[in-house]
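What follows is the residue order along each chain.
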Amino acid sequence: MFRFHLLFYVFPLILMGIVATAQQTDVKGIILEMDTEQPLPGITISIEGTGIKVLTDEQGRFMFVSQDLPLGEQILAVNSTNYESKRFPIIINEGQRLDLGEIYLTIDLSEENRQISTISLSDDELDGDDASSFNISGLLASSQDTYLRAAAFDFSAAFFNPRGLDNANGKLLINGLEMNKQFSGRPNWANWGGLNDVQRNRVFSKNTEASDYTIGDVAGVSTIIMRASKMRKGGRVSFASSNRSYQGRIMGSYNSGLLNGGWSYSVLLSRRYGEEGFREGTLYDANSISVSVENQINDKHSLNFTGFYAPNRRGLGTAVTQEVVNLKGIDYNPNWGSYDGARRNSRIRKTEEPIFMLNHYWDITDHISLNTNVGYQFGFSSTSRVENGGTRLFTDPNTGEQAYLGGARNPSPIYYQNLPSYYLRDPNPTPLDYQGAFLAQREFQNDGQFQWEDLYFANFLNQNRGGNSTYAIQSDRVEDKQVMANTILDVKLAENITLNGRLNYRKLESENFAQLEDLLGGNHYLDVDFFAEESSLITGIGTDLAQSDLRNPNRLVLEGERYKYNYKVDAEVYDAFAQAQFQYRRIDFYTGLSFGKTTYQRTGLYENGFFPEGRSFGLGEELDFTTYALKGGATFRVTGRHVFTLNAAYFQNAPTLQNSYSNARQNGDTVEGITEVKIQSADLSYIYKSPIISGRITGFYTGFQDETNVGFYYTEELTGLPVANNQNNAFVQEVMTGIDRLHYGAEFGVEAKVLTTLTLKAAGSFGHYIYDSNPNLYLSSQNFPEVKLRFGDGKTELKNVRVPSGPERVFQVGFEYRDPQYWNFGVTVNHFSHTYISPSGLLRSDNFALDTDGILYNDYDEILAKDILKQERFDDYLLVNMIGGKSWKVKDYYVGFFAVVNNVLDQDYKTGGFEQSRTSNYRSRGEDLNRENGPLFGNRYFFGFGTTYYLSAYIRF
């Protein structure tokens, strides 16, 4: 019966196709490269003003068949990212075939420079520290939209995020496989840093627009295509010099093009290096290799292998207070110090995660294709830091009682007791206080760097006394093994109707542990928690509490061994996606949906002393999340120049691993009340296109519900702690659930081609991003392991506080000149405003108004409290950027260079930061912020770069 009904529907379609063939009106041709006369696949051919477009096939051929083609005089447009665009006047007659023959395109060298520079700089930014890893610019690097190009290149330097979204809200695919990490939801750009030449084939679907590969997310989908057969034939050697993140880069690549037997290959080698970038002591040591081999088995089947490996090591900076910047400047980095004649950074990030993938492409018919991909990623990433809690075990000879002796003060040069403000903290400083502040200021300004010799000397003394290292270098290490597989179906039901579908599977096994990297001259390190005895009054015997692993007590650790914490997490994701796209002369529309399941499960490999038995050891609770998404949109062409688009979507996403456990390093406790994140999004755009002016203006809205965030810090003066813990301070995990956000605003971009060589442009965004709820908040800690500490109604008052997402308002004006002799020059002026500090949840909870005994402060003043808690807004600033380049064709070689100078006027500006939560109540926070000589625990900031340059020269053959 099913087959009969299917025939009932299919037969009329077949009959309509036969009739259409008999009276069809066709336009066809072939696109070739001017210099090589090689066919160019993937070139967009369109009839201007109609929305009708096709792509060239593997042989460069295109054909408009059985489409509702407009008759009479029309404009045929040929567009590609890497080639000069062309427009041809044509006449379409009903029932006749128009054969345009061979159309030759020349390489757009100016556009090639711009694209390479944008990708290079965005990758440079995204390979950075924790602040830059949120940046979305890399997702936008391939966009041809005026506004998004400004966001990718000019605005990203200030860590601007379009619509207030970071790159966890977008999807990045390589050869159809998703690269976003399960832990954070963000792609780790370091895994493919330095592969610019073989990653220039990028397709970007902005925000919730239709993507052929996946349902995506609210920040869009960026797809990098690394098929060997899709790489432009030829080789390229380049050298770059910069003062941003690295000092030099050497890169060489070669793409074979299609060879006899259907084979093609692509290889790349590159190296990036530098003793430091703009920030002091930020070393850069990175190598990259990529290999792609493809065999077009026959007309229907092609098999591609791609593997890339980009091991890298770099020194990190950190957020600092305004006092530190006033003393040392924005390029200061406290993490490094001189040792043995060289600069040594205590915070080193390493990433070594090779990725291999196998891709099968099957053209089942002329209208049905199936792409199946499998991938495997393994390796590790780690970040080092100084450990200063080393001890020795002491046994009293008289009583037999045991204790741990040792530990040391924080060795960081920006530890608050090293700064002048510490000596002037009292209301009426004495002459001795002023003398101490003066000496601290002079010492900090003259040096102020990490004192490696002091650490080695302390360990040397311990060693002579038969003790362990007090100081050591620890790395927090993650070793992932991930299997990825999906199959993507593309069905062209008619020239104007396309169906897309995907089945996707990912399985991750992630081992997380601390590894002892360097004993700093010592022989071993005692694996216990030195601060455990401070909690023994409320929880039990200090020697038991101190154990990282009760099953291996008082372990002496050597370099390269695991210690402190050790667990693994298994994550499994599977989902299905379907989408239909319809194209007509006046209107295009699409609709898509997806459904999936995500599971997480932690397995503890150590039994922690504070969380014994099953609380920390063994298999934990399985978390199970159901995900689904719906989206749709339409494009309506009023005329060829006036176009409206509308997109809307609803997503239900699984929370990330990092926000699913309150403290996975010590225990298996899951976040209370954790659930799926809900997102709604809508935008409406007006697009204008004419031979001179093109532009877009968009109004947007995005809402988030039920987000979760887990933070870690040390705080003082908590209320509601057990009476035995009379210190009222602890290192805590702050868990917030039920976080709602509201993002809305408008964005625009416009270009005016006032001359054939000169383009004027303007772009901007005006956003308003606020928290839309008072989230639930509780604290957990080893200081109160049986308690989830809540204050008052268990809420934190974040509603209407600004979301820290970079500048909310940006505006750009500029120009670009492209000379026919292949040189170009451009300048942009960019204004940034409404950037806000990241707010502390604890400060806005009831803990702020309560004394340690749980009673409201008798001098509590609501007006003064609002002033203390007022969210800091950073100063507005202006950045001037310049770009220029020149290219030559010398026989069969292309030679060129381009240069970029950002922040020409050398402006100092803050890109982000956070409120410290160490002083956590009305009295202590108010007292600290109102100190005459500056706070001890003021807000900490990330600063942008001063004047930086990026210069690259290349030879292409």
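(A) Looking closely at the overall build of the protein. Within the protein, the regular secondary structure consists of twelve helices and 45 strands. The C-alpha radius of gyration computed for the protein amounts to 30 Å, which stays within 12% of the reference 30 Å derived for 957 residues, consistent with globular compactness. Overall size of the protein, expressed as C-alpha extent along the three principal axes, is 105 × 70 × 60 Å. Burial status across the protein gives 56% buried among its 957 residues. The long-range share in the protein, meaning contacts at least 24 apart out of those at least 6 apart in sequence, stands at 71%.

(B) Just the nonpolar core, in detail. If you look at the biggest cluster of nonpolar residues, it comprises 23 residues, and the most contacted ones within it are Leu516, Tyr525, Tyr563, Tyr600, Leu657, Tyr661 and Val671. Broken down by secondary-structure element, the contributors of at least two residues to this core are strand S27 (497–518), strand S30 (562–583) and strand S32 (618–637). Top contributing element to this core by residue count: S30, with five residues. If we ignore the near neighbours within four places in the chain, the residues touching Leu657 are Gln182, Phe183, Leu508, Val569 and Tyr600. With 20 residues, the next largest nonpolar core counts Ile45, Val54, Leu76 and Leu105 among its residues.

(C) Geometry of the pairing of strand S35 (residues 693–715). When strand S34 (residues 677–689) meets S35, the two strands line up antiparallel, connected through twelve bridges. Opposite Ser681, over in S35, you have Thr702 as the bridge partner. Adjacent in sequence and paired antiparallel, S34 and S35 are bridged by three residues. Where S35 meets strand S36 (residues 730–753), 20 bridges bridge the pair, whose relative direction is antiparallel. Bridging from a neighbouring strand, Gly703 pairs with Leu742 of S36.

(D) Molecular detail of the pattern of salt bridges. Under the definition given, this model contains 44 salt bridges. Arg97 is the salt-bridge partner of Asp26, the closest N and O atoms lying 2.7 Å from each other. Placement of Asp26 in strand S1 (residues 26–33) and of Arg97 in strand S7 (residues 97–105) is noted, with a sequence separation of 71 residues between them. A residue is classified by how much of its surface remains accessible, and Asp26, at 2% relative accessible area, is buried. A relative accessible area of 48% means that Arg97 is categorised as partly exposed. Asp166 is paired through a salt bridge with Arg186; the nearest N and O atoms lie 2.8 Å apart. With a gap of 20 residues between them, Asp166 in the loop between helix H4 (146–153) and strand S8 (171–174) and Arg186 in the loop between strand S9 (177–178) and strand S10 (202–205) connect regions that are remote in the sequence. Judged by relative accessible area, which is 16%, Asp166 ranks as buried. Where salt bridges share partners, they join Asp145, Arg163, Asp683, Arg696 and Glu747 into one cluster.

(E) Highlighting the sheet that holds S1. The strand order across the open sheet formed by three strands is S4-S1-S7, and the pairing between neighbours is mixed. Because the sheet does not close on itself, it has two edges, and the strands there are strand S4 (61–64) and S7. Along the sheet, successive strands turn relative to each other by an average axial angle of 15°, direction set aside.

(F) Quick look at the confidence of the model for the protein. When the pLDDT values of the protein are averaged, the result is 89; 92% of them are 70 or greater. Note on residues 125–132: pLDDT under 50 across the span, and 26 contacts to partners over four residues away in sequence or across chains.

(G) Geometry of the environment of Glu102. Here Glu102 is to be found in strand S7. Sequence-wise, Glu102 and Gly29 are 73 residues apart; in three dimensions their C-alpha atoms are separated by 6.1 Å. For Glu102, the contacting residues outside a window of four places in its chain are Ile30 and Leu32. In terms of polar contacts, Glu102 uses its side chain to reach the side chain of Tyr104, at 2.9 Å.

(H) Local environment of the environment of Phe636. Structurally, Phe636 can be placed in strand S32. Assessed through its relative accessible area of 43%, Phe636 is described here as partly exposed. The sequence separation of Phe636 and Thr698 amounts to 62 residues, and the corresponding C-alpha distance is 15 Å. In this view, Phe636 contacts Arg586, Ile587, His642, Val643 and Phe644; residues no more than four positions away in its chain are not counted.

(I) Region of the structure containing the pairing of strand S45 (residues 948–956). Side chains Thr948, Tyr950, Ser952, Tyr954 and Arg956 of S45 all project onto a buried face; the interleaved residues Tyr949, Leu951, Ala953 and Ile955 project onto a face where none is buried. Pairing between strand S12 (residues 234–242) and S45: seven bridges, direction antiparallel. Across the sheet, Phe239 pairs through a bridge with Ala953, a residue of S45. Sheet topology note: the strand S42 (residues 893–902)/S45 ladder contains nine bridges and is antiparallel. Pairing of Val900 across the sheet is with Tyr950, part of S45.

(J) Region of the structure containing helix H12 (residues 922–929). Inspection of H12 places Tyr922, Ser924, Arg925, Gly926 and Asp928 among the buried residues, and these make up the whole buried set. The inward-facing, buried residues of H12 contact helix H11 (862–868). The distance from a side-chain oxygen at the start of H12 to the backbone nitrogen of Arg923 is 3.2 Å, and the residue carrying that oxygen is Asn921.

(K) Spotlight on the sheet that holds strand S2 (residues 44–47). The four strands lie next to each other as S3-S2-S5-S6, forming an open sheet whose pairing is antiparallel. At either margin of the open sheet sits one strand with a lone partner, and together these are strand S3 (52–55) and strand S6 (86–92). Taking the axes of each pair of neighbouring strands and ignoring which way they run, one obtains an average angle of 25° across the sheet. Here S2 pairs with strand S5 (residues 72–79) via four bridges, running antiparallel. Each bridged residue has a counterpart across the sheet, and for Ile47 the counterpart in S5 is Leu76.

(L) Focus on unusual backbone geometry. In this structure, Asp706 takes a positive phi of about 65° despite not being glycine. Checked against the element boundaries, Asp706 lands in strand S35. If you check the backbone angles, Lys891 has positive phi at about 55° while not being a glycine.

(M) The environment of Pro775, seen in detail. Its place among the elements puts Pro775 in the loop between strand S37 (758–771) and strand S38 (776–780). Since its relative accessible area comes to 1%, Pro775 is described here as buried. In this structure, the C-alpha to C-alpha distance between Pro775 and Ile739, residues 36 residues apart in sequence, is 5.0 Å. Discounting chain neighbours no more than four positions away, the residues touching Pro775 are Met736, Thr737, Gly738, Ile739, Gly794, Lys795, Thr796 and Leu798.

(N) Inspection of the packing of aromatic side chains at higher detail. A full pass over the atoms with the stated rule returns 41 aromatic pairs. For the pair Phe155 and Phe160, a centre-to-centre distance of 5.5 Å together with 85° between the ring planes defines the contact as edge-to-face. Geometry around Tyr361 places Arg227 over its ring, the cationic atom sitting 3.6 Å from the centre. Over the face of the ring belonging to Phe704 we find Arg741, whose NZ or CZ atom lies 4.0 Å from the ring centre.

(O) Quick peek at helix H8 (residues 452–464). A rise of 1.5 Å per residue sets the reference length of H8, with its 13 residues, at 18 Å; its end C-alpha atoms lie 19 Å apart and thus fit the reference within 8%. Turning to H8, its buried residues number three or more, namely Trp452, Leu455, Tyr456, Asn459 and Asn462. Along H8, the residues classed as buried sweep out an arc of 120° about the axis, all on the same side. Summarising the contacts, the buried residues of H8 are in contact with strand S19 (336–339), strand S20 (342–345), strand S23 (368–387), strand S26 (472–494) and S27.

(P) Focus on the side chain of Lys206. You can see Lys206 is positioned in the loop between S10 and strand S11 (221–224). Using a relative accessible area of 17% as the deciding quantity, one classes Lys206 as buried. A polar contact of 2.9 Å, which involves the side chain of Lys206, links it to the side chain of Glu209. Each residue touching Lys206, except ones within four places of it in the same chain, is listed here: Leu148, Gly220 and Arg696.

Cut-offs used in this document
- Residues numbered from 1 in each chain as written.
- Predicted model: local features only at pLDDT ≥ 70, side-chain atom pairs only at ≥ 80, totals over all residues.
- Heavy atoms only, no water.
- Helix = DSSP H or I, 4+ residues; strand = E, 2+ residues; numbered from the N terminus.
- Rg over C-alpha atoms; globule rule 2.2 N^0.38 Å.
- Buried < 20%, exposed > 50% of the residue type's maximum accessible area, 1.4 Å probe, protein only.
- Contact = heavy atoms within 4.5 Å.
- Core = buried A, V, L, I, M, F, W, Y, C linked by side-chain atoms within 4.5 Å.
- Pairing = 2+ DSSP bridges.
- Salt bridge = Lys/Arg side-chain N within 4 Å of Asp/Glu carboxyl O.
- Axes fitted to C-alpha atoms, helices over the stretch in contact; angles between N-to-C directions.
- pLDDT = per-residue confidence, 0-100.
- Polar contact = N/O pair within 3.5 Å; in protein donor to acceptor, adjacent residues only side chain to side chain.
- Phe/Tyr/Trp six-rings, centres within 6.5 Å; stacked < 30°, edge-to-face > 60°.
- Lys NZ or Arg CZ within 6 Å of the ring centre and 35° of its normal.
- Expected span 1.5 Å × (residues − 1).
- Arc of directions from axis to C-beta.

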